[in-house]
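Architecture and fold: a report
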Amino acid sequence: MTEDKIIDDATETIAQSEGKVKPSRKLYIESYGCQMNFADSEIVASILAKEGFTTTKSVTDADVIFLNTCSIREKAELTVRNRIKGFRKNKLKNRDLIIGVLGCMAERMKKTLLEEEKLVDLVVGPDAYRDLPNLLTEAEGGQKAVNVLLSRDETYADVSPVRLDKNGVSGFISITRGCDNMCSFCVVPFTRGRERSRNPLSIVAEAKDLCAKGYKEVTLLGQNVDSYRWNITNKGDVVDPSIPTTNFAQLMAMVAEVAPDMRIRFSTSHPKDMTDEVLHTMAKYNNICKYIHLPVQSGSTEVLTRMNRGYSREWYFDRIKAIRRIMPNCAISTDVITGFCSETEEQHEETLSLMEEIRYHFAYMFFYSERPKTLAERKFEDDIPLETKKRRLQDVIDLQQKHSHDFNRDMVGKSTVVLIEKLSKKSDEFLCGRNDQNVMVVFPKEDYQIGQYVKVKVEDCSSATLLGKVTGISTTAC
Ligand code: SAH
Ligand code: SF4
Ligand code: F3S
């Protein structure tokens, strides 16, 4: 039986056990943007499973097509718009087909896609997924269905996600929603609303459930995981003295303890909030991966101030020093934006010099894209010419590639523990998976299986991957 079929059968059973069997309808859902959006699609699939929906990978089979969208840069929005236009063709063949936009573009798309261009039937924001069954009924009745209200407390804590990933090895758990940081370039506080943390007991229960289902890795997700707090106000006061308080370090320890055979990862750390307590907790548990994604955005304190990031170049270096002191082997990756408002050539050079000093293992790199409603859009001029933004981006990419390559070359001849995730894209004769430090490792398949931890001796590398040979099964996750 395929895994698709298992999920389909499971969702069918949920609908039947609740006594509201409707003829099975098929949902096709396509996700864009960050891992939180992918995790949200699993919440959506779960909410609709209770209405008798099963998921399909084929657009032509679908009764409902959802695009779970991202607004982070202009290009992401253009991609979605073109995709919707493509889906409209399916509507010519199936007039009952419902096309909906979910996620971070919902607020803005409401006006253009639904009301003006009439390209979609339904628009639903990230905090309104519980309303989907009603909205679908409205859309099926020919009404334009919209709910883009943001919530101060929705965390979908009680919704058990229908896992849409196909490998059954890595699962994601959202621990916070929204963001209160107001970085001046960023649209997320507007698309996802205020930050709220999810009940730690529901997080631990979900981790246990993944473990029981045979998953081998869990990633705890939040826009700023370090600001996770339960039963503590943002001023640090205890809300209810009769229950324990939980911060991010404590939450991570709880998850590491209930799932000792699983690897624990998390994303994203924020330099202004990442504490030594978090680093000591990582060091203490062998199953917490020694990998931190710590977006710097810029190496210039002046630019960081304009970005409203809440830290300076010096503060960032101090956090890197703390990571290296507490976990000498910890891999560090980052995000960089080039060509932010009024960035000078000297300030760009400061980003390069910071990268040179830190030597990241990996980086996601972007040129600045102005977003509506953000502080930067209202206060600063987007005054760096596109060619300059792109040229600076290329400088950053070239430097990072060199560092990634150097780092991977240092691994040649060494042994590393890999969690096998899937067949290699290039050949069915090879498997691949990531090591503790999040580097992709490719090796001959032999008789090894997806989901196993294996020791791999690294023989060769590129800037993106390590190549090697399995020397045996690993008894530990990392
Ligand atoms: N919460 C995370 C980042 C979420 S968005 C954090 O604070 O680090 C992921 C990345 O997209 C950001 O780190 C940033 O590098 C990039 N990004 C966000 N807004 C952008 C914009 N307007 N233009 C270009 N890149 C942007
Ligand atoms: Fe955006 Fe800043 Fe929040 Fe990250 S921390 S999501 S960059 S506002
Ligand atoms: Fe994009 Fe929304 Fe994530 S804007 S990056 S999908 S929070």
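Everything discussed here concerns the structure shown above.
Residues numbered from 1 in each chain as written. Chains lettered and ligands numbered in written order. Predicted model: local features only at pLDDT ≥ 70, side-chain atom pairs only at ≥ 80, totals over all residues. Heavy atoms only, no water.

Comments concerning the packing of aromatic side chains
The way to describe two aromatic rings as a pair is by their centre distance and the angle between their planes. The criterion, for reference: When two rings of Phe, Tyr or Trp (its six-membered ring) have centres within 6.5 Å they constitute a pair, described as stacked for plane angles under 30 degrees, edge-to-face for angles over 60, and tilted for the intermediate range. Helix numbers and strand numbers start at the N terminus; a helix is a DSSP run of H or I with at least 4 residues, a strand a run of E with at least 2. The cut-offs for exposure are 20% and 50% of the maximum accessible area for each residue type, with area from a 1.4 Å probe on protein chains only; residues under the lower value are buried, those over the upper are exposed, and the others partly exposed. A ring is scored as having a charge over it whenever the NZ atom of a lysine or the CZ atom of an arginine sits within 6 Å of its centre and within 35 degrees of its normal.
Applying the stated criterion across every chain yields a total of eight aromatic pairs. Here the aromatic rings of Tyr28 and Phe87 are separated by 6.0 Å at their centres, their planes lie at 75 degrees, and the arrangement is edge-to-face. In this pair, Tyr28 is assigned in strand S1 (residues 25-31) and Phe87 in helix H3 (residues 74-93), connecting sequence segments 59 residues apart. Since its relative accessible area comes to 10%, Tyr28 is described here as buried. Residue classification places Phe87 among the buried positions, given a relative accessible area of 3%. Ring plane angle 20 degrees and centroid distance 6.0 Å describe the contact between Tyr129 and Tyr156, whose orientation is recorded as stacked. A residue pair is termed long-range when its members are at least 10 positions apart, and Tyr129 in the loop between strand S5 (122-124) and helix H5 (132-140) and Tyr156 in the loop between strand S6 (145-147) and strand S7 (170-174) qualify at 27 residues. With respect to burial, Tyr129 and Tyr156 carry one shared label: buried. Ring pairs connect the aromatic residues Phe185, Phe340, Tyr368 and Phe380, which therefore count as one cluster. Sitting over the face of the ring of Phe366, Arg73 holds its NZ or CZ atom 3.7 Å from the ring centroid.

Quick word on the environment of Glu107
To keep things clear, this is the line we draw: Throughout, a contact is declared for two residues whenever any of their heavy atoms are within 4.5 Å.
Secondary-structure assignment places Glu107 in helix H4 (residues 106-116). For the pair formed by Glu107 and Leu149, sequence separation is 42 residues and the distance between their alpha carbons is 8.5 Å. Sequence-distant contacts of Glu107, that is, excluding residues within four places in its chain, are made with Val148 and Lys373.

Quick notes on helix H14 (residues 386-411)
Here is the rule we go by: Expected helix span is computed as 1.5 Å times (number of residues minus one).
Its 26 residues give H14 an end-to-end C-alpha distance of 37 Å, which sits within 8% of 38 Å, the value for a rise of 1.5 Å per residue. Positive backbone phi, at 95 degrees, marks Gly413, one or two positions downstream of H14.

Quick look at empty space enclosed by the protein
Going by this rule: The method works on a 1 Å grid over the protein atoms by themselves. A cavity is a set of points holding a 1.4 Å probe that cannot get out, a pocket is an open set with protein on both sides within 12 Å along at least five of seven lines, and residues with an atom within 4 Å of a point line them. Grid points are joined across faces, edges and corners, and a volume is the space filled by probe spheres set on the points. Residue classes follow a fixed rule: Ala, Val, Leu, Ile, Met, Phe, Trp, Tyr, Cys and Pro count as nonpolar, while Asp, Glu, Lys and Arg count as charged, and any other residue, Gly among them, counts as polar.
Summed over the entire model, instances satisfying the criterion amount to two cavities of 30 Å³ or more. Empty space within the largest cavity amounts to approximately 80 Å³. Lining the largest cavity are 13 residues; nearest its centre among them are Ile43, Pro161, Ser174, Arg198 and Glu206. Sorting the residues of the lining of the largest cavity by element identifies helix H2 (35-49) and S7 as the ones contributing at least two each. For the lining of the largest cavity, the class distribution of residues is seven nonpolar, two polar and four charged. Roughly 40 Å³ of internal volume is contained in the second largest cavity. Taken together, Gly103, Cys104, Ala106, Glu107, Gly125, Pro126, Val148, Leu150, Phe190 and Thr191 make up the full set of residues lining the second largest cavity. Those elements that provide at least two residues to the lining of the second largest cavity are H4 and helix H6 (188-192). A class-by-class count of the residues in the lining of the second largest cavity yields six nonpolar, three polar and one charged.

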